[in-house]
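Architecture at a glance
Letter by letter, the chains look like this.
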Amino acid sequence: MSTPRAFVTRTLLPEALDIIREVADVTVWPEETPPPVEELRRQAGSSDGILTTIMDRVDADLLDAAPNLRAISQLAVGLDNVDVAEATRRGIPVGYTPGVLAKSTADLAMALLLGAARRTSESERWLRGGGWQIQFHPTHWLGQDVHDACLGIVGLGQIGREIAKRARGFDMDIVYHSRTRYTDMEAEYGVRYAEFPDLLGQADFVVLSVPLTPQTHHLISGPQLALMKPSAILINVSRGPVVDPAALYEALRDGQIARAALDVTSPEPISMDDPLLTLDNLVITPHIGSAALPTRLNTMKLAARNLVAGLRGEPMEACANSEATP
Ligand code: DGY
């Protein structure tokens, strides 16, 4: 049998590429930006497997152009750019990377939560701008306490659970809302189930850790923001479109909620003209939830192993549609 051909849409760390090179002839897209749609179609058209990121659209059009494709491996836990149902119909397994990045993403959620509560970015900007003229001022930079506050976690998947574990260490009172009620996890993670409107009404911090689906698109918009406390802080580490950015802007501008911290935006990258960027009560990072070196390496290696398994016709370690595996 001839050596399979794999197309990797972004440069990976060498340790991960080596895993694929052991079994396939690998073409790596060399640019910083993703391959244009036509290039992706061309490359997929002559490949047996592709390794994608969240910026590559894998839909019926692409799959039509790739008759030999027998493995798709996504370097992410989120699959909102991949039409998994379409891949399943064609018997193509889709790998993804759950597990390996949940802890790092939860770490970042806590960093954003703490940073927004204690106003670290805002006060640093003030300091660097020459604002720190008096050594100590009893009423300057008053933020919010994290300990003993109520944290509402929306989505109790792997990332949500890791956030709950961390929040317990901060003595937070934790409520969650999820499609499924996890009674077994309520004791293990010290969390209470709440209906979504109740969670929004009680929480001092609301953290979003849900996948982007048609049901979670603009899950947080005007009516939901109106249910939140004026002192509440919203944290999004899931996908940008889970929050309606225009509604969030108005809520932050008008003091309907106190602050927000976003690792994800809609669109990405956020436009430099976006009104959200004019607000001091917003902490924002450029989609770096899983961007810690050991985690990223493990994520890349898992995606590489998934691709190799798919090319060999073996079950992938993490497959979103195991029914598609031959
Ligand atoms: C994920 O794994 O879904 C992260 O958001 C990176 O794409």
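Summarised in this report is the structure supplied together with it. Here, residues in each chain are numbered from 1, in the same order as that chain's written sequence. A pLDDT threshold of at least 70 governs which residues receive local features in this predicted model, and a stricter bar of 80 or more applies before side-chain atom pairs are shown or counted, although totals over entire chains, interfaces and linings include all residues. Think of the side-chain values as coming from all heavy atoms in the structure, minus any hydrogens and water.

In regular strands, side chains alternate between the two faces of the sheet. Counting buried positions over the five residues of strand β7 (residues 173-177) gives four, a clear majority of the element. As paired elements, strand β6 (residues 150-154) and β7 share five bridges and run parallel to each other. Opposite Ile 153, over in β7, you have Tyr 176 as the bridge partner. Orienting the strands away from the viewer, one traces the path from the first strand over the helix to the second; a clockwise path indicates a right-handed crossover. Secondary structure elements are defined from DSSP: runs of H or I of at least 4 residues count as helices, runs of E of at least 2 residues count as strands, and each element is numbered from the N terminus. In the classification by handedness, the crossover that spans β6, the intervening helix α7 (residues 158-169) and the parallel β7 is right-handed. As defined by bridge partners, β7 adjoins strand β8 (residues 191-193) across three bridges and the pair is classed as parallel. Classification of residues uses two cut-offs on accessible area relative to the type maximum, computed with a 1.4 Å probe and protein chains only: under 20% is buried, over 50% is exposed, and between them is partly exposed. A pair of strands is labelled paired if DSSP reports no fewer than 2 bridges between them.

Axes are the key here: two packed helices are described by the angle between their axes and the distance separating the axes. Throughout, an axis means a line fitted to C-alpha atoms (over the contacting stretch in the case of helices), and angles, computed between N-to-C directions, take values from 0 to 180 degrees. At a minimum axis distance of 8 Å, the contact between helix α5 (residues 102-118) and α7 shows a crossing angle of 55°. By the angle between their axes, α5 is oblique relative to α7. In the crossing of α5 with α7, the sense of the turn from one axis to the other is right-handed. Note on element contacts: α7 touches α5 through Gln 158, Ile 159, Glu 162, Ile 163, Lys 165, Arg 166 and Ala 167, opposite Ala 102, Lys 103, Thr 105, Ala 106, Asp 107, Ala 109 and Met 110. Of the residues in the contact of α5 with α7, the class split is seven nonpolar, two polar and five charged. Every angle not falling under 35 degrees, over 145, or within 65 to 115 is termed oblique; those three ranges are roughly parallel, roughly antiparallel and roughly perpendicular. Crossings are classed by handedness, with left-handed meaning an anticlockwise turn of the near helix from the far one by less than a right angle and right-handed meaning a clockwise turn. Contact definition: two residues touch when any of their heavy atoms are within 4.5 Å. Amino acid classes used here: Ala, Val, Leu, Ile, Met, Phe, Trp, Tyr, Cys and Pro are nonpolar; Asp, Glu, Lys and Arg are charged; the rest, including Gly, are polar.

Throughout, near means a residue has at least one heavy atom within 4 Å of the molecule or strand. Around the ligand, the structure places Ile 54, Ala 76, Val 77, Gly 78, Leu 101, Arg 239 and His 287. We define a polar contact as two N or O atoms separated by no more than 3.5 Å, with the added condition that, inside protein, one atom must be a possible hydrogen donor and the other a possible acceptor, whereas residues neighbouring each other in sequence contribute only through side-chain atom pairs. At 2.9 Å, a backbone N or O of Gly 78 approaches an oxygen atom of the ligand. Compared with its free state, where it exposes 230 Å², the ligand has 85% of that area covered by protein. Shrake-Rupley sampling with a 1.4 Å probe provides the accessible areas, and residues are treated as covered by the protein chains on show and by no other component.

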